[in-house]
Amino acid sequence: MKRVAYMGVIAFLLAVIVGCETLDTLSKGVTTVGVATGTISSQQANSINNSASAVGKTFDKLTPQNEYYVGRAVGASLLSKYKLYDNKTATIYLNTLGQTLAVFSTKPETWGGYHFMIMDTDEINAFAAPGGLILVSRGLLRCCKNENALAGVLAHEIGHVQLEHAINSIKKSRIAEAGKTLLVEAGKNLAGEQVAQLTTVFEGSLDDVKNAMLNGYAKSDELNADKAAVAILIKSGYGPDGLKQMLLEMDRRLQPGKSGFGKTHPDPMVRIKEIQPLLNNAHPSIMSAERQERFEKALAGV
Amino acid sequence: MSRKKLLIGFSTLCVTAAMVCVAAQKEMNVQVKEVQIRSSASPFGSVVGTVKAGNALKINLEQDDWCNVTTGDGAITGWVRKSSLTTSKVQMSAGDNDVAGVSSTEMSQATKGFTKEVEVEYEKRNGDLKQYFAEIDKVEKIKTSPEEMLKFLKDGGIKAGAQ
């Protein structure tokens with residue numbers, strides 16, 4: 001019994017040094033050697049491994065898979081409010097442009113990938129759900145005069161996904177609660193009651209995300225999403241002018257505090273001022289006739 | 001065997017195990033549903049293989065936001081984005097049957113959190129959302145291949161990275 005205690009102490013001290021991430025692996029390495037040399041029994045080894053595994057699995061961040069399911073549910077909820085604009089040509093065009101831009105972000109791959117949908121509303125608005133599901137309103141699409149401006153809109157939303165603004169709005173206590181189920185031993189499935197409890201935590205998390213989206217992120221989050229968008233636009237070859245064009249258009253159209261972007265986003269002129277230093281060093285965007293033609297054709301009915 | 005000798009011996013074993021641990025850190029796990037391994041460190045590099053979530057990849061080299069990797073069986077070597085990998089274990093949930101390449105044993109060792117079975121329960125509680133989940137399922141089928149992206153950029157007169 002004392003031997004086990006000594007080994008437990010040593011494993012714990014090493015864990016403090018190397019961090020919780022490797023505790024599980026380390027514990028298994030130590031106990032495997034211990035069993036091989038006859039120092040401890042396999043039963044004692046399992047006991048140590050189970051304890052170390054439980055400590056090592058501190059859950060303070062949702063996995064990409066978890067983010068994906070939150071994003072889907074948030075998307076479904078938003079679609080129940082705004083309804084889908086079911087235009088195949090426009091949707092495919094939007095996804096081709098958006099998915100192409102996303103490969104230039106610092107988070108190019110999510111669990112299920114980036115996908116773009118159109119909301120059937122005149123309101124000027126867009127939402128970036130966790131995991132890369134992005135919803136853009138018809139009203140916002142109508143503000144775009146060309147593909148570069150639309151690229152600016154989509155790059156800003158991809159910026160929100162990349163910077164994990166939606167997922168970070170979930171209260172830490174809920175994430176910790178979700179993580180408790182990770183301690184269910186391997187080989188055992190969640191009981192119905194546990195799924196029910198977890199779904200309640202899930203619903204609370206969705207409320208956190210929807211509140212943040214509908215009431216607006218912090219001003220700093222919006223400005224950082226703009227900066228991420230500029231980087232994406234430069235890397236992709238579109239150039240960042242389209243974002244500025246879009247902000248100028250919004251400044252003309254938006255009524256501060258009313259609804260949509262006017263309620264949830266900082267003053268467009270403040271946003272332009274913030275990104276202007278980044279624009280000064282970039283080449284001006286060049287529009288081609290082919291690009292304009294495909295843009296107008298794809299969004300003709302919007 | 002005296003307690004002192006036992007402690008010294010076991011401490012040595014711990015250090016050995018720790019070294020094994022450090023060596024093991026050269027592997028990372030795929031944390032997205034599916035990752036494409038490319039021939040070059042470019043989003044448009046040709047695809048030389050595909051690896052599903054949860055599989056471990058040996059890290060040969062790290063370059064900017066790319067990693068040169070080799071699959072566990074040594075069959076494929078190429079480049080993947082760092083953001084698609086994690087040092088944490090990636091375990092699958094029982095509801096994610098669409099994730100191929102994961103054994104039934106691994107499936108049973110389920111990570112829980114918010115997964116398919118939670119979505120199913122959520123949908124049961126909110127039956128009115130069913131049609132909207134179906135609309136999302138539909139849009140998730142729209143996937144642009146690297147070749148289509150390159151063509152899209154080229155047709156629009158855009159040279160990626162020209163800025």
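Bear in mind the structure is a predicted one, so any value in this text is a computation, not a measurement.

**Overview of the overall build of chain B**
Next up, step 1: Check the secondary structure of chain B and you find five helices and seven strands.
Next up, step 2: Each helix (α) and strand (β) of chain B, taken in turn from the N terminus, gives the series α-β-β-β-β-β-β-β-α-α-α-α.
Next up, step 3: Buried residues in chain B amount to 40% of all 163 residues.
Next up, step 4: Once local pairs closer than 6 in sequence are excluded, the contacts in chain B between residues at least 24 apart make up 44%.
Next up, step 5: Roughly 8,600 Å² of accessible area belongs to chain B as shown, and the carbon and sulfur atoms make up 53% of that amount.

**Thoughts on unusual backbone geometry**
Residue and element names in this part refer to chain A.
Next up, step 1: For glutamate 164, which is not a glycine, the phi torsion comes out positive at approximately 55 degrees.
Next up, step 2: Note that glutamate 164 resides in the loop between helix 7 (147–162) and helix 8 (172–179).
Next up, step 3: Relative accessible area serves as the criterion here: at 18%, glutamate 164 is assigned to the buried category.

**Overview of helix 8 of chain A**
Residues and elements named next belong to chain A.
Next up, step 1: Of the positions making up helix 8, those classed as buried are Ile175, Ala178 and Gly179. One face of helix 8 carries all of its buried residues, which in axial projection span an arc of 100 degrees.
Next up, step 2: Packed against the buried residues of helix 8 are helix 9 (192–215).

**Focus on the packing of helix 5 (residues 88–102) of chain A against helix 7 of chain A**
All names here are of chain A.
Next up, step 1: At a minimum axis distance of 10 Å, the contact between helix 5 and helix 7 shows a crossing angle of 60 degrees. If you check the angle between helix 5 and helix 7, you find them oblique. The way helix 5 lies across helix 7 gives a crossing that is right-handed. Contact residues: Tyr93, Leu94, Leu97, Gly98, Leu101 and Ala102 in helix 5; Glu147, Leu150, Ala151, Leu154, Ala155 and Ile158 in helix 7.

**Re the domain arrangement of chain A**
All names here are of chain A.
Next up, step 1: Taken domain by domain, chain A comprises domain 1 (2–61 + 169–213) and domain 2 (83–165 + 217–298).
Next up, step 2: Taken together, the contact pairs five residues of domain 1 with eight residues of domain 2.
Next up, step 3: Together domain 1 and domain 2 conceal approximately 500 Å² of surface at their shared face, both sides included; 59% is due to carbon and sulfur atoms.
Next up, step 4: Contact with domain 2 buries surface across domain 1, with Lys61, Ala212 and Met213 losing the most and accounting together for 79% of the total.

**Focus: the pairing of strand 1 (residues 27–30) of chain B**
Residue and element names in this part refer to chain B.
Next up, step 1: Bridge analysis of strand 1 against strand 4 (residues 56–63) gives three bridges, and the strand direction is antiparallel. Residue pairing for strand 4: asparagine 29 is matched across the bridge by alanine 56.
Next up, step 2: Of the pairings in the sheet, the one linking strand 1 to strand 7 (residues 85–86) comprises two bridges and is antiparallel in character. From the neighbouring strand, asparagine 29 faces strand 7, where its bridge partner is threonine 86.

**Some details on the pairing of strand 5 (residues 66–71) of chain B**
Residue and element names in this part refer to chain B.
Next up, step 1: Along strand 5, six of the six residues are buried, which leaves the element largely enclosed by surrounding structure.
Next up, step 2: A two-sided burial pattern is seen for strand 5, the buried positions comprising Trp66, Asn68 and Thr70 on one face and Cys67, Val69 and Thr71 on the other.
Next up, step 3: Both strand 4 and strand 5 contribute to a ladder of six bridges, which runs antiparallel. Bridge pairing in strand 5 places glutamate 62 opposite cysteine 67.
Next up, step 4: Counting the residues that bridge the hairpin from strand 5 to strand 6 (residues 77–81) gives five residues, and of these glycine 74 lies at a positive phi of roughly 75 degrees.

**Looking at the packing of aromatic side chains**
Next up, step 1: Counted according to the given criterion, the structure contains eight aromatic pairs over all chains.
Next up, step 2: Among the aromatic residues, those joined into a ring-pair cluster are Phe202(A), Phe114(B), Tyr122(B) and Phe133(B).
Next up, step 3: Just above the ring of Phe152(B) sits the side chain of Arg294(A); from NZ or CZ to the centre is 3.7 Å.

**Side note on the confidence of the model for chain A**
Residue and element names in this part refer to chain A.
Next up, step 1: Overall, the predicted model of chain A reaches an average pLDDT of 82, with 76% of residues at or above 70.
Next up, step 2: Note on residues 11–35: pLDDT is under 50 here. Beyond four places in sequence and across chains, it has 44 contacts.
Next up, step 3: Note on residues 39–57: pLDDT under 50 across the span, and 34 contacts to partners over four residues away in sequence or across chains.

**Description of the pattern of salt bridges**
Between side chains of opposite charge, pairing is possible as soon as their charged atoms come close.
Next up, step 1: If you walk through the whole model with that rule in mind, you get 21 salt bridges over all chains.
Next up, step 2: In this structure, the salt-bridge partner of Glu203(A) is Arg125(B), at a minimum N-O distance of 3.0 Å. Taken as a pair, Glu203(A) in helix 9 and Arg125(B) in helix 3 (residues 116–125) lie in two separate chains rather than in one.
Next up, step 3: The partly exposed category is assigned to Arg125(B), whose relative accessible area is 33%.

**Brief notes about the side chain of His160(A)**
Next up, step 1: Looking at the secondary structure, you find His160(A) in helix 7.
Next up, step 2: Assessed through its relative accessible area of 3%, His160(A) is described here as buried.

**A closer look at the nonpolar core**
Proteins that are soluble and globular tend to have nonpolar side chains buried together.
Next up, step 1: Of all hydrophobic cores here, the largest spans 52 residues; its most connected members are Leu97(A), Leu101(A), Leu140(A), Leu150(A) and Tyr238(A).
Next up, step 2: Setting aside chain neighbours within four positions, we find Leu97(A) in contact with Glu147(A), Leu150(A), Ala151(A), Leu154(A), Tyr238(A) and Phe152(B).
Next up, step 3: Among the nonpolar cores identified, the runner-up in size contains 35 residues, and Ile170(A), Leu198(A), Tyr122(B) and Ile136(B) belong to it.

So, how was this worked out
Residues numbered from 1 in each chain as written. Chains lettered and ligands numbered in written order. Predicted model: local features only at pLDDT ≥ 70, side-chain atom pairs only at ≥ 80, totals over all residues. Heavy atoms only, no water. Helix = DSSP H or I, 4+ residues; strand = E, 2+ residues; numbered from the N terminus. Buried < 20%, exposed > 50% of the residue type's maximum accessible area, 1.4 Å probe, protein only. Contact = heavy atoms within 4.5 Å. Areas by Shrake-Rupley, 256 points an atom, 1.4 Å probe, with all protein chains shown as cover. Arc of directions from axis to C-beta. Axes fitted to C-alpha atoms, helices over the stretch in contact; angles between N-to-C directions. Parallel < 35°, antiparallel > 145°, perpendicular 65-115°, else oblique. Left-handed = near helix turned anticlockwise from the far one by under 90°. Domains from an automatic or database assignment. Buried area = accessible area lost by both parts, 1.4 Å probe. Pairing = 2+ DSSP bridges. Phe/Tyr/Trp six-rings, centres within 6.5 Å; stacked < 30°, edge-to-face > 60°. Lys NZ or Arg CZ within 6 Å of the ring centre and 35° of its normal. pLDDT = per-residue confidence, 0-100. Salt bridge = Lys/Arg side-chain N within 4 Å of Asp/Glu carboxyl O. Core = buried A, V, L, I, M, F, W, Y, C linked by side-chain atoms within 4.5 Å.

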